[in-house]
Amino acid sequence: MISQKNMNTTPIISAHSYYSLRYGTLSIENLVSEAKKHEIETLLLADINNTTATTDFVRECHEQGLRPVAGVACHNKEEFLYTLIACNNKGFREINHFLSELNLNGLPLPCRPDDFDNVIVVYPLYSAPETLEKHNEYVGIQHWELNRLVSSPWRHCKDKLLAWHNVTFTGPIGFDLHRHLRAIDNNCLLAKLPPGKLAHPEQIFLNTAQLQRAFAYWEQLLINSARVLSNCEIDFDFTVIKNKKTFTGSKYDDRILLEKLASDGLIYRYGKYNKEALRRVKHELEIIDKLGFSAYFLITWDIIRYSMSRGFYHVGRGSGANSIVAYCLRITDVDPIALDLYFERFINPLRTSPPDFDIDYSWKERDEVLDYIFKRYGRLHTALLGAMSTFKGKSILRELGKVFGLPKNEIDELVEKPPMPEQQGPLIGRLMNVGVQMVDFPNIRSIHAGGVLVSEEPLTCYTALDMPPKAFPTTQWDMYVAEAIGFEKLDILSQRGLGHIDECTKILHQNRGINVDIHRVDEFMKDPQVMNQIRNGETIGCFYIESPAMRGLLKKLHCDTYLILVAASSIIRPGVARSGMMKEYIHRFHNPNGFKYLHPVMEEQLKETFGVMVYQEDVLKVCHHFAGLDLADADILRRAMSGKHRSKKEFERIRNRFFDNCMQRNYPDTTAAEVWRQIESFAGYSFSKAHSASYAVESFQSLYLKAHHPHEFHVAVINNFGGFYSTWVYFNEARRCGAHVELPCVNQGAHKTSLKGNTIFIGFIHVQNLETNVAQSIEKEREKNGQYRSFLDFTNRVPMGKEQLLLLIRINALRFTEKTKQELLWEAHMTNVGKAPKVSPNTLFDAPVQTFELPELMRSSLEDAYDEIELLGWPVTLSYFDMVEQSAKQGILAKEMKQYNGKKVTMAGSLVTIKYVSTIRREIMHFGTFFDREGMFFDTVHFPPVVKKYPFRGKGVYLINGKVVEEFGFASLEVECMEKLPMQKDPRYA
């Protein structure tokens, strides 16, 4: 309890943080520090319709010596209804449960909430009910409302009145920022924002003494407020793990079960007599039990067991692949012994962050896995992890540009070329000033890419839940809060790479009776065909290794082993390439004795990677062994650089300690600075070695299927709509690998792309504007009643509008009739398409139809190709090379480039993709990828002067002049000039 003296001078300060989205203007840190500056001892956080920031708020208040109170301000759109104040943690759970039930069921807030046991309800004066019969209901009176109170009936009910003060900003500048946020939220011009959409300008921090003077004649209100606050408290234990504590119901039974499963898996993975594997399993099980992670492993195993029973293919990756127990439980397919991965990178007492497993599923199967998790562990205890989208860079300029009333072309120019301060007029200067204040403000609550929480206590003990379009309950706070409060998340992710691997194996089984055990990765790694493909960069469609940059890197490294591919998967990351360390790694790889280590510690710790930091573990090693940081600080540094740690103070502390330690060890300043530069440029983009190893496993699975079953593989890639390139590139690759690509066909094709022998039929799904129900009806009707015998038979059996029929004719899907497109178009206009069929599908003979004779109608393959470009997006009948006006057979081919190293050549190429890169001088340069006339890839480099003089002009064939350059066996073309070859005119419009 507090003293009577303090009770007399204690109003309730109710604050909105910037988690009152597009309303509040203060971060939690600023909110609490401002309260302390104004000598406020107890602070209520009541954000609008959410409790996102409560845990951060409680922790910050404890750090700064304030007493926190938790609540929520309940609004129906713009109407403020009431504030709920939690008396204790039970009350906080009641509030979260109240909000969650409404959110999960899509219901509006009631004008008057139901009964609470541990929650205070405070109404605003202007909308309070006529009577307050419940003991926990009050009316909050703000100091500018005291004059109204004199003439209000509430003046006679002083025991139900509270001295109240809302805080939303710190002063005029904060109020101006609030105005801009409200205009953005209401999608209206700043000048037309109604006053009713804004907070009262007096919602600023005031000292307790100022508020005491304001309420001098209403002392009872201050006493009431102090009494209410004295009964309110909130706190969280930030040291205890919040995950589900047991899998079996007993920690002892969990330990015994995990030992049993690990032992069985050990025999499956290593046989009965591998002493090193047995030693590591025992060592890990001791740590897992000691740190209380048995249930976490078992829950993950349970999810894997379920998905495998359903035939779902998964990949376990991330630092969890450092664990041999995870490998034995088939959570991962990465052998930590073979790769010398150490378990402590995943779990150790010094690690600053809780561990998590990353489990990838096909995009088609992920939701079923999530549905199992929610039903298995209960919706009270299971939720997806939320995320927070913030205002950044271009999005700020666009939003403010709209509320300032700028035309779209001026907004586009402002976004692309922000003016320097000296070039800004008053309007743009004001806009930029407001924009700076908004940087990193929360904007929208969203969903983490794959995080799932399974908790011991109901999740409403810690957060309210949203129901986004994914239809699974989602926490209002993000992974940072989850980690801080003691949750270990599971990442249940989706990727299309797994979809094409899984679909390829199914196509092989269905069409050819071949069963491929995709987990026989050890055999794939020794397969000569696979080795040859990866060495030559023949990796189009293969997970993670198909981009131009990756194919080039594989060729430069002459990659033909698993370990080299694991390293390549990490050094391809942007930070390594930008720092110059990727090029240095390649040089050292080919010249292991032709370089000098930066420091003996680098030679000792990074010998496997030639002194170059390739993995996140390398960052930890260097920080620990070179600079003397302990592993906990090294892990904080790694996480901070990768964007997974929010404390800038901690980061600066460790950075200073790094350099202080280097100075104490008498390292030259230049050496310490270079090591730090490499750490800083690398750590933010690096993978853990286990993560790279997991990616490499999946790459080898894709490589095996491509090498031995290319047609099935390419169909699977196309049907999963995944990969680095556009769909037409994969059709081209299939054709290059020996497949015959056919246009959609109503008698042979299907909704999705299909394979018959060596012939690939393009799926109806790729025909633009063709309705899904029509495409599916074609396939279903054919399966039910047999192939279509004639044009009339088809139109009678498949109901569709005339526009849909014309699309099928134009894409030549009715070529089984052996009639020309012109004849079919005439017939389409003569039939009653779209009306009920007149003939039963089981009729033996077609009904007689009106016959007519047509003059000979000319049609060229060029016209067909233009139809295909219009309806598919690319030509099939002809290639782009066949469609240009002049011959594109001049110049050398991609396979001949090495013969012309250092020489100027001419090449003709069909544009595949362009990569835009900003140079140190902020000039734009390009890296291009083309097909030659044989369908082989080649890569081009376009330096800034060439980009300005010879820009790309869209899809098509380019004639390119330049010099062939070769680096570590990989040839590319440095462009000096190029022109896009004009296409032949479309005969339909010539």
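See the structure shown above.
Computed from a prediction, not measured in an experiment: that's the story for all the values here.

### Observations regarding helix H20 (residues 528-535)
For H20, the complete set of buried residues consists of Val-530, Met-531, Gln-533 and Ile-534. Projection of H20 onto a plane perpendicular to its axis shows the buried side chains occupying an angular sector of 165 degrees, all on one side. Summarising the contacts, the buried residues of H20 are in contact with helix H19 (521-524), helix H21 (548-557), helix H22 (562-571) and helix H30 (689-708). Between the side-chain oxygen at the start of H20 and the backbone nitrogen of Gln-529 there is a gap of 2.9 Å, and the oxygen is on Asp-527. Where H20 terminates, the next one or two residues include Gly-537, which has phi positive at roughly 70 degrees.

### As for the sheet that holds strand S19 (residues 924-931)
Across a sheet, strands are paired by hydrogen bonds formed along the backbone, either parallel or antiparallel in direction. Spatially, S18-S19-S20-S22-S21 is the arrangement adopted by the five strands of the closed barrel, whose pairing is mixed. Between one strand axis and the next, the sheet turns by 50 degrees as a mean value, whatever way the strands run. Examined bridge by bridge, strand S18 (residues 904-918) and S19 share eight bridges and lie antiparallel to one another. Across the sheet, residue Lys-915 finds its bridge partner in S19, namely Phe-927.

### Comments concerning the packing of helix H11 (residues 294-309) against helix H13 (residues 366-377)
Interhelical geometry of H11 versus H13 gives an angle of 130 degrees and a closest axis separation of 10 Å. Judged by the inter-axis angle, H11 sits oblique to H13. You can see that H11 and H13 cross each other, and the crossing is right-handed. Between H11 and H13, the residues in contact are Ile-299, Asp-302, Ile-303, Tyr-306 and Ser-307 and Glu-368, Val-369, Tyr-372, Ile-373, Arg-376 and Tyr-377, respectively. A per-class count over the contact of H11 with H13 returns seven nonpolar, one polar and three charged.

### Considering the pattern of salt bridges
On inspection of all chains with the given rule, the structure shows 52 salt bridges. We note a salt bridge from Arg-317 to Asp-358, for which the minimum N-O separation is 3.8 Å. Here Arg-317 is found in strand S8 (residues 314-317), whereas its partner Asp-358 is found in strand S9 (residues 357-362), with 41 residues between them in sequence. Its relative accessible area of 11% is what places Asp-358 among the buried residues. As a salt-bridge pair, Glu-399 and Lys-402 come within 3.8 Å of each other at their nearest N and O atoms. One end of the pair is Glu-399 and the other is Lys-402, both in helix H14 (residues 393-403) and three residues apart, which spans about a single turn. Since its relative accessible area comes to 24%, Glu-399 is described here as partly exposed.

### Re the pairing of strand S1 (residues 12-15)
Residues Ile-12 and Ser-14 of S1 are buried on one face, and the alternating residues Ile-13 and Ala-15, pointing to the opposite face, are buried as well. Bridge count between S1 and strand S7 (residues 161-167): four bridges; the pairing is parallel. Considered in S7, the bridge of Ile-12 is made with Trp-164. In terms of strand pairing, S1 meets strand S2 (residues 42-48) through two bridges, oriented parallel. Across the sheet, the residue bridging to Ala-15 is Leu-45, located in S2.

### Focus on the sheet that holds strand S16 (residues 754-756)
Strand order in the open sheet formed by three strands is S15-S17-S16, with mixed pairing between adjacent strands. Among the strands making up the open sheet, the edge pair consists of strand S15 (740-742) and S16. Sheet twist, expressed as the mean angle between neighbouring strand axes with direction ignored, is 25 degrees. Bridge count for S15 against strand S17 (residues 759-761) is three bridges, and the pairing is parallel.

### A closer look at the packing of H22 against H30
Where H22 contacts H30, the axes come no closer than 8 Å and their chain directions differ by 115 degrees. Viewed along their axes, H22 and H30 form a crossing whose handedness is right-handed. Contacts between H22 and H30 involve Tyr-562, Leu-565, Val-566, Ser-569 and Ser-570 from the former and Lys-689, Ser-692, Ala-693, Ala-696, Val-697, Ser-699 and Phe-700 from the latter. Residues belonging to the contact of H22 with H30 are distributed by class as follows: seven nonpolar, four polar and one charged.

The rules behind the values
Residues numbered from 1 in each chain as written. Predicted model: local features only at pLDDT ≥ 70, side-chain atom pairs only at ≥ 80, totals over all residues. Heavy atoms only, no water. Buried < 20%, exposed > 50% of the residue type's maximum accessible area, 1.4 Å probe, protein only. Helix = DSSP H or I, 4+ residues; strand = E, 2+ residues; numbered from the N terminus. Arc of directions from axis to C-beta. Contact = heavy atoms within 4.5 Å. Polar contact = N/O pair within 3.5 Å; in protein donor to acceptor, adjacent residues only side chain to side chain. Pairing = 2+ DSSP bridges. Axes fitted to C-alpha atoms, helices over the stretch in contact; angles between N-to-C directions. Parallel < 35°, antiparallel > 145°, perpendicular 65-115°, else oblique. Left-handed = near helix turned anticlockwise from the far one by under 90°. Nonpolar A, V, L, I, M, F, W, Y, C, P; charged D, E, K, R; others polar. Salt bridge = Lys/Arg side-chain N within 4 Å of Asp/Glu carboxyl O.

In short, the description is geometric, and any link to function would need to be established separately.
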